[in-house]
Amino acid sequence: MASSSYLKPISSHRLSNPRSQPHFQSQQQLGFAHSQAFATRHLKLSKAAHDQDHFSAKRCSKDFTTRAFFFNKKPKSPPVSPKPTKVQELSVYEINERDRGSPAFLKLSQKPQNSLGDLVPFSNKLYSGDLQKRLGITCGLCVLIQHVPEKKGDRYEATYSFYFGDYGHISVQGAYLTYEDTCLAVTGGSGIFEGVYGQVKLRQLVFPIKLFYTFYLKGIADLPAELLGNAAVIPSPSVEPAPAAKATEPHGIIKNFTN
Amino acid sequence: MAYSSSALRSISSLKSSAARSHASAIVPTKPSLLSFKLAQNPCLLTKTTSSGNFSGTKRSFSCRSQASSTENSRPVQELSVYEINERDRGSPAYLRLSQKSVNSLGDLVPFSNKLYTGDLQKRVGITAGICVLIQNKPEKKGDRYEAIYSFYFGDYGHIAVQGSYLTYEDTYLAVTGGSGIFEGVYGQVKLQQLVFPFKLFYTFYLKGMTKDVPAELLGKAVEPSPAVEPSPAAKACEPNAVIANYTD
């Protein structure tokens, strides 16, 4: 399926370099070929890690010196397989439908052009990656850090949350550049997202009204099918939520979607 | 501006607290003994696609506990950096929204300063975020802020922190997360103010990282003092005194 194969390259792009380069599309293809090599290499390394832990914990006095000898030489150990941390991907669309009074650009710097001091509280609507269901909202604050004239855009420090109705929420913090994709830190969550950590890739489609996010979440149980939906709609400036989702009809929403 | 007059007050009080922080042990920044060399390439961890695989929560909980034992086997990594305000970024922007003559709850202070390695040899990037003034402490001649900000390390990624910033005393902030090589990080960071509000020294105690902090960031830290300055090459952002795509 075209769309599911699209998902894979996104994650491998993350493996190669999460800080997005301008040529996002071409990077995907390159990254995918490497991802398999990276996966096996990581397994070897984490085996080594696991065995070092093993040695320090055991303190078997008799064999200690012999083991220490081998340990110092090279941790080539019997194949113990530690489980790498499971990463779950979640894609969502954030869309400003201009009906929430957002954003509220507070020009507190009192300078004619965007400067440090301007604050931008905001809140937009959140849809599933396949754009079939309305999930909830985003809300938080963007602190303008600097205007970047050569890129014709701005750097913000963004602290905000994604609300998923009864499922809970995810909080993030990081840079929002109006001219480039960024990665933000996942700082925590509630509900099914309690204990979550990881990062999220922000991809702007239409400034500032359509954004596409790919979360790389760790530390939580498997996400429900309803949130993951079908394969994500390929991000482009012209994407629109399904009419049922936009109208919040019963089959176009999740339970108690945040509003 | 009231802000600068409070700055003057705080400088005098800071000199005494700076002496205190010298007396306390400066934590060394050597990577710990158990650190093992990973390949230099920026490979991250294996990803398991969750494509339609929802066979109950039990399996993923066991993954988590095993994962944490794998990750906890990596010791705490220390990272030191200097944050320096060179007054060329329009920072800080003191927003006196409380509309009171003395610093009060309601004042907001967005800021962004330059970030250098602990050995002051390389420019790594910037800090950026906001301080929310909580209360003025007249007896300490300073203020309490709640700070939410990030440290940007160029191509390496960023670290997000949150916690209290007291203009009259060292504090610890929480490391809430990161991106790039700092993806999944947690722990805390010690903030030592050297010259209010222009020079600060941070020691990060990082856990949960999937790789070692690169050697480039781990040079022997310059002993914190009010007189520290970045190397001229770092300050001028010469090619050998910056990290790749240092954030600016």
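The structure reproduced in this document is the subject of the present report. It should be emphasised that the depicted structure is a prediction, and the values quoted were computed from it without experimental measurement.

Some points on the side chain of A:Q146
No. 1: Inspection of the secondary structure assignment puts A:Q146 in strand β3 (residues 134-148).
No. 2: What makes A:Q146 buried here is its relative accessible area of 17%.
No. 3: Once residues lying within four places of it in the same chain are set aside, the contact partners of A:Q146 are A:D154, A:R155, B:R89 and B:D248.

So, the packing of aromatic side chains
No. 1: Inspection of every chain in the model, using the stated rule, returns 18 aromatic pairs over all chains.
No. 2: For the ring pair A:Y93 and A:F212, a centre distance of 4.8 Å and an interplane angle of 50 degrees mean the geometry is tilted. Remark: A:F212 occurs in strand β8 (residues 210-218) and A:Y93 occurs in strand β1 (residues 88-95); sequence separation between them is 119 residues.
No. 3: Each ring, one from B:F153 and one from B:F182, has its centre 5.0 Å from the other, and the planes form 45 degrees; the classification is tilted. You can see B:F153 sitting in the loop between β4 (142-152) and β5 (157-166) and its partner B:F182 sitting in the loop between β6 (171-180) and β7 (186-195), a full 29 residues away along the chain.
No. 4: Residue class for B:F153 comes out buried when judged on its relative accessible area of 0%.
No. 5: Grouped by ring-pair contacts, the aromatic residues A:F122, A:Y160, A:F162, A:Y213 and A:F215 constitute a single cluster.
No. 6: Between the NZ or CZ atom of B:R87 and the centre of the ring of B:F198, over which it lies, the distance is 4.2 Å.

Quick look at the pairing of strand β7 (residues 197-206) of chain A
All names here are of chain A.
No. 1: Of all 10 residues that make up β7, nine are buried, and the element is covered over most of its length.
No. 2: Pairing analysis gives five bridges linking strand β6 (residues 182-189) to β7, with the strands arranged antiparallel. The partner of T182 across the bridge, within β7, is L202.
No. 3: Looking at chain direction, β7 and β8 are connected through nine bridges and run antiparallel. Along β8, the bridge assignment pairs G198 with L217.
No. 4: Remark: three residues form the turn of the hairpin made by β7 and β8, two consecutive strands paired antiparallel.

Structural notes on the state of the cysteines
Residue and element names in this part refer to chain A.
No. 1: Across all of its chains, the model carries zero disulfides over all chains by this definition.
No. 2: For C183, which is in no disulfide, the shortest distance to another cysteine sulfur is to C142 and amounts to 16 Å.
No. 3: The class of C183 is buried, set by a relative accessible area of 4%.

Regarding the pattern of salt bridges
No. 1: One pass over the structure, following the stated rule, counts 16 salt bridges over all chains.
No. 2: Among the salt bridges present, the one from B:K114 reaches B:D88, with a minimum N-O distance of 2.7 Å. In this pair, B:K114 is assigned in strand β2 (residues 108-117) and B:D88 in the loop between β1 (77-84) and β2, connecting sequence segments 26 residues apart.
No. 3: Owing to a relative accessible area of 9%, B:K114 belongs among the buried residues under this scheme.
No. 4: In this structure, B:E229 and B:K199 form a salt bridge, with 3.1 Å as the shortest nitrogen-oxygen distance. One end of the pair, B:E229, is in the loop between β8 (199-207) and α3 (232-235); the other, B:K199, is in strand β8, and 30 residues separate them in sequence.
No. 5: Residue B:K199 is classed as buried on the basis of its relative accessible area, which comes to 10%.
No. 6: Beyond isolated ion pairs, a larger network of salt bridges with shared partners links A:E97, A:D99 and A:K125.

So, empty space enclosed by the protein
If a probe as big as a water molecule is rolled over the atoms, it shows which places are left empty.
Residue and element names in this part refer to chain B.
No. 1: Taken as a whole and assessed by the stated rule, the structure comprises three cavities of 30 Å³ or more.
No. 2: The calculated volume of the second largest cavity comes to roughly 200 Å³.
No. 3: The wall of the second largest cavity is formed by 18 residues, among which F111, N113, C131, Y165 and P197 lie closest to the centre.
No. 4: Among the elements of the structure, β2, β4 and β8 are those that each provide at least two residues to the lining of the second largest cavity.
No. 5: Here the lining of the second largest cavity takes three residues from β2, the largest share from any one element.
No. 6: For the lining of the second largest cavity, the class distribution of residues is 13 nonpolar, four polar and one charged.

Rules behind the numbers
Residues numbered from 1 in each chain as written. Chains lettered and ligands numbered in written order. Predicted model: local features only at pLDDT ≥ 70, side-chain atom pairs only at ≥ 80, totals over all residues. Heavy atoms only, no water. Helix = DSSP H or I, 4+ residues; strand = E, 2+ residues; numbered from the N terminus. Buried < 20%, exposed > 50% of the residue type's maximum accessible area, 1.4 Å probe, protein only. Contact = heavy atoms within 4.5 Å. Phe/Tyr/Trp six-rings, centres within 6.5 Å; stacked < 30°, edge-to-face > 60°. Lys NZ or Arg CZ within 6 Å of the ring centre and 35° of its normal. Pairing = 2+ DSSP bridges. Disulfide = S-S within 2.5 Å. Salt bridge = Lys/Arg side-chain N within 4 Å of Asp/Glu carboxyl O. 1 Å grid on protein atoms, 1.4 Å probe; cavity = no way out; pocket = protein on both sides within 12 Å on 5 of 7 lines; lining within 4 Å. Points joined across faces, edges and corners; volume = space filled by probe spheres on them. Nonpolar A, V, L, I, M, F, W, Y, C, P; charged D, E, K, R; others polar.

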